[in-house]
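Report on the structure
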Amino acid sequence: MAQIRVGRPDTAPDAPAHTPGVREGNAKGAYRHQAGHRKDDTVDARKSTGIRPKDRNPILPSMPNLPPG
Amino acid sequence: MAITEQQSAAARPEQLVEMSWDPITRIIGNLGIYTKIDFANRRVVECHSTSSLFRGYSVFMKGKDPRDAGFITSRICGICGDNHTTCSVYAQNMAYGIKTPVLGELILNLGEAAEYMFDHTIFQDNLVFVDFCEAMVKDTNPSVLRRAESTEAPRGHIHGYRTIADIMRGYNPFEGEVYKAALRMSRLTREMFCLMEGRHVHPSTVYPGGVGTQPTPTLFTDYLTRLMQVVDFVKKAVAMNDDVFDFFYEALPGYEEVGRRRILLGCWGAFQNPDVVDYRYETMNEWGKAMYVTPGIVVDGELVTNDLVDINLGIRILLGSSYYEDWVNEEPFVTHDPLGNPVDIRHPWNQTTLPAPQKRDFNDKYSWVMSPRWYDRRTGEHLALDTGGGAFARLYVTALSNLVDTPYVRATGSGVQIHLPKGESLPETTLEWRIPKWSNAIERNRARVYFVAYAAAMAFHFIEQALERVRAGDQKVFQDFDVPDEAIGVGFHEAVRGVLSHHLVIRDGKIANYHPYPPTPWNASPRDHFGTPGPYEDAVQDMPIFEENGPEDFRGVDIMRAVRSFDPCLPCGVHMYLGKGRELRRIHSPMFGADHG
């Protein structure tokens, strides 16, 4: 360590970071568990709404499903 | 503010005057330039560049969760923080063994392109050009202004100003038309940035493994409509810059010597090619060369390497004039890279920052900035590379490497062709930046405006690719990952003002070592232990003075032009100092488990 005087740390460096027991958004498998995300990188209406999502899908299979916005 | 101090009797050569500017204004952070000027021969004899700012990122990053790195290092800078986030994401991607999905990568590229346009424009038109505006030139070189009044602007049909002096008046701070138009442009380009990265300047939607930006068609069309408003401004800006800079060469013969130094340039590459990049160290050479701004090192006008692995292994952090203790006796973190090549103890992966505050002494230690150098295996030299303010090195390396070939930007081997579509008032235009003879203040400044055009052109390319994917239904912008217990990573990117690298070592799932190396430590470095001066010092030392004022009312405009051409950004130059009056409060943060530590 350097020769400069420093005070005692008030907190651990990773205090605001992850707390064991809390689900991590980045954890492997998180993407698969999110509704509406398909394996081929496309999505369906379940990504945007939980209310009768099937009715919100494109009317033709060849049309892309794009989120409102 | 200039501080003048006449030296005592026996000074040789005659009329040696010490002049210092500390702090230098119109840049970020604390930079001091201390010079000795020989007014009899109108030449700068000696120059020291110093910074009194210590940050300590590499010290307090230790022990933190690596996923926080992008958010913390973003705070290094108040203008190019997103470059740090992006670079940190690149380094983390390598450490976690993941890659950003194609659409996510395009969104990141679009955000960074907007940042280059924003930052270069505000620095060039609102800060650099104050040194070239009518008010300044009138004050420092009245004869040049008189000549400008009668010199027709060769590109007047593009920008609409009849004489060079008219352009200079446009750049007068707070009043000039161009000055005000540039501020409006920076608003537009920041909006473009916020669309892609959520917030300027500390992005809220950029994470390792991807972005949180929703890839809706509206997102891209909102960006595109703003980009279309920017293109004509860029075409005019390039024409005005060329006119003014060509005029300076003509009106002040020998002006190419201002800020001139040996051509020693480094560029670490920008705009990842999403189809090639996999963030693996082992394939870094391939994906590095596929970047849309080619990484490389140029020495004396010749390309030395494009290989990011070579670039990485050659980085050395030297001491000599910096307020730090040596770390050679500390434990190295990475002895060999993933390819089995030995890694030097002076490499950022192995660096331990040991601050040793002390009095400033120009014969010994005088700056908080360290001296990053690049070790040239061919000659055994430790090269003091500069970034030429970022744009200059990027264009130089991309042009020489001749690898970039897109419908909008194409390298030719001796230059870079930039194609901009038709805008509101100006037709389709192809601009060409050609490799200049010198690495000097004017060429660094000229390159900056050309790189704004480069970024705008690349943005068109990225937006076309992104819209095509969205039309096909692609909506994937992030990838999940687990943080490994042990890993290393490195990110190479271009901050707006030049090379940016983040070196990361993870142990026990936490940061064991983290060293961001932004452009300013390279440019503002003091003399290293070999005695090699840093680029600012080198560029200013032995520079001729063209200002007409004498020592009494000396403004130092030529020196300021030389230093500002590097786009100094000192908060990133040095790695917080809490002195007396230190107050630390611990406040409740409404987060489950926050008190667990």
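Up top is the structure.
The structure contained in this document is the topic of the report that follows.

Rules of the game
- Residues take numbers from 1 onward in each chain, read along the sequence in its written order.
- Naming scheme: in the order in which they are written, chains are lettered from A and ligands are numbered from 1.
- The predicted origin of the model limits local features to residues at a pLDDT of at least 70 and limits the giving and counting of side-chain atom pairs to 80 or more, whereas totals for whole chains, interfaces and linings rest on all residues.
- The side-chain figures draw on all heavy atoms in the structure; neither hydrogens nor water molecules are used.
- Numbering of helices and strands runs from the N terminus, with a helix taken as a DSSP run of H or I at least four residues long and a strand as a DSSP run of E at least two residues long.
- In this treatment the radius of gyration is a C-alpha quantity, and the globule benchmark scales as 2.2 Å times the residue count to the 0.38 power.
- In this scheme, a residue with accessible area under 20% of its type's maximum is buried, one over 50% is exposed, and one in between is partly exposed, where area comes from a 1.4 Å probe on protein chains only.
- Only four residue types enter the tally: Lys and Arg on the positive side, Asp and Glu on the negative side, with His and both chain ends excluded.
- Every charge is mapped onto a representative atom, which is NZ of Lys, CZ of Arg, CG of Asp or CD of Glu.
- Residue exposure ignores everything except the shown protein chains as possible cover, and the areas themselves are Shrake-Rupley values with a 1.4 Å probe.
- One fewer than the residue count of a helix, multiplied by 1.5 Å, yields its expected span.
- Ring geometry is summarised as follows: Phe, Tyr and Trp rings, the Trp one being its six-membered ring, pair when their centres sit within 6.5 Å, and such pairs are stacked at plane angles under 30 degrees, edge-to-face over 60 and tilted between the two.
- Between two residues, a contact is recorded if the distance between any of their heavy atoms is within 4.5 Å.
- Computed with a 1.4 Å rolling probe, the buried area is the accessible surface lost when two parts are put together, summed over both parts.
- Take a side-chain nitrogen of Lys or Arg and a carboxyl oxygen of Asp or Glu: if they are within 4 Å of each other, that pair is a salt bridge.
- What qualifies as a polar contact is a pair of N or O atoms within 3.5 Å, subject to a donor-acceptor requirement within protein and to the restriction that residues adjacent in sequence count only when both atoms come from side chains.
- For this classification, the nonpolar set comprises Ala, Val, Leu, Ile, Met, Phe, Trp, Tyr, Cys and Pro, the charged set comprises Asp, Glu, Lys and Arg, and every other residue, Gly included, is treated as polar.
- Pairs of strands are assigned from DSSP output, requiring at least two bridges between the strands.
- Structural elements are reduced to axes, namely lines fitted to C-alpha atoms, with helices fitted over the stretch in contact, and the angle between N-to-C directions of any two is expressed from 0 to 180 degrees.
- Each angle gets one of four labels, with under 35 degrees taken as roughly parallel, over 145 as roughly antiparallel, 65 to 115 as roughly perpendicular, and the rest as oblique.
- A clockwise turn of the near helix away from the far one marks a right-handed crossing, whereas an anticlockwise turn of less than a right angle marks a left-handed crossing.

When helices and strands are counted, chain B shows 17 helices and 18 strands. Relative to the compact-globule value of 25 Å for 597 residues, chain B shows a C-alpha radius of gyration of 24 Å, a close match. Each principal axis of the C-alpha distribution contributes one length, and for chain B these read about 65 × 60 × 55 Å. Taking all 597 residues of chain B together, the buried fraction comes to 65%. Charge-centre separation for chain B: the mean point of 60 positive side chains lies 3 Å from the mean point of 77 negative side chains.

With that settled, consider the overall build of chain A. The secondary structure content of chain A amounts to one helix and zero strands. What you see for chain A is a C-alpha radius of gyration of 22 Å, clearly larger than the 11 Å of a compact globule of 69 residues, by over 25%. For chain A, the residues scored as buried account for 28% of the 69 residues in total. For chain A, the exposed area adds up to about 5400 Å²; of that, 54% sits on carbon and sulfur atoms.

Right, let's talk about helix H14 (residues 441–471) of chain B for a bit. Residues and elements named next belong to chain B. Compared with the 45 Å implied by 1.5 Å per residue over 31 residues, the 45 Å span of H14 between its first and last C-alpha is a close match. Summarising burial for H14: 26 of the 31 residues are buried, a large majority. Immediately downstream of H14, the backbone of Gly-473 shows phi near 100°, a positive value.

On to the packing of aromatic side chains, then. The description of two aromatic rings rests on the distance between their centres and on the angle between their planes. Residue and element names in this part refer to chain B. Considering all chains together, one arrives at 36 aromatic pairs over all chains under this definition. For the ring pair Phe-39 and Phe-554, a centre distance of 5.0 Å and an interplane angle of 85° mean the geometry is edge-to-face. A residue pair is termed long-range when its members are at least 10 positions apart, and Phe-39 in the loop between strand S3 (32–38) and strand S4 (43–50) and Phe-554 in the loop between helix H16 (535–540) and helix H17 (557–564) qualify at 515 residues. Arranged with centres 6.0 Å apart and planes meeting at 40°, the rings of Tyr-281 and Trp-349 form a pair that is tilted.

In many reports, interface size means the accessible area that the parts give up when they come together. Chain B puts 35 residues into the contact, and the matching count from chain A is 34 residues. Approximately 2900 Å² of surface area, both sides summed, lies buried where chain B meets chain A, with 55% of it carried by carbon and sulfur atoms. On inspection of chain B and its partner chain A, the count reaches one salt bridge. The residue Arg67(B) makes a salt bridge to Glu24(A) at a minimum N-O spacing of 2.3 Å. On the surface where chain B and chain A come into contact, there are eleven residue pairs in polar contact (both at pLDDT 80 or more). Elements that contribute at least two residues to the side of chain B that touches chain A include exactly helix H10 (217–251) and H14 of chain B. A class-by-class count of the residues in the side of chain B that touches chain A yields twelve nonpolar, nine polar and 14 charged.

Moving on, we come to the sheet that holds strand S9 (residues 302–305) of chain B. All names here are of chain B. With antiparallel pairing, the three strands of this open sheet are ordered in space as S7-S8-S9. With one partner strand each, in any of the chains shown, strand S7 (264–267) and S9 form the two edges of the open sheet. Each strand of the sheet is rotated relative to its neighbour by a mean of 25°, with strand direction disregarded.

The next subject is the sheet that holds strand S14 (residues 415–420) of chain B. Residues and elements named next belong to chain B. Read across the sheet, three strands follow the order S13-S14-S15 without closing on themselves; strand pairing throughout is antiparallel. Edge positions in the open sheet fall to strand S13 (409–411) and strand S15 (429–434), since each of these has one partner strand only. Strand-to-strand, the axes of this sheet are offset by a mean angle of 15°, without reference to chain direction. In this sheet, S15 lies alongside S14 in antiparallel orientation, the contact comprising six bridges. Across the sheet, Gly-415 pairs through a bridge with Arg-434, a residue of S15.

Quick look at the side chain of Arg316(B) now. All names here are of chain B. Structurally, the position occupied by Arg-316 is in strand S10 (residues 315–318). Within the local environment of Arg-316, its side chain forms a polar contact with the backbone oxygen of Leu-313, the two atoms lying 2.8 Å apart. Apart from the residues within four sequence positions on either side, Arg-316 is in contact with Asp-344, Arg-346, Ser-371, Pro-372, Arg-373, Tyr-375 and His-382.

What follows deals with the packing of helix H4 (residues 102–126) of chain B against helix H9 (residues 177–197) of chain B. All names here are of chain B. Interaxial distance between H4 and H9 falls to 8 Å at its minimum, and their mutual angle equals 160°. It follows from the interaxial angle that H4 and H9 lie roughly antiparallel. Here H4 runs over H9; the crossing is left-handed. A class-by-class count of the residues in the contact of H4 with H9 yields 15 nonpolar, five polar and five charged.

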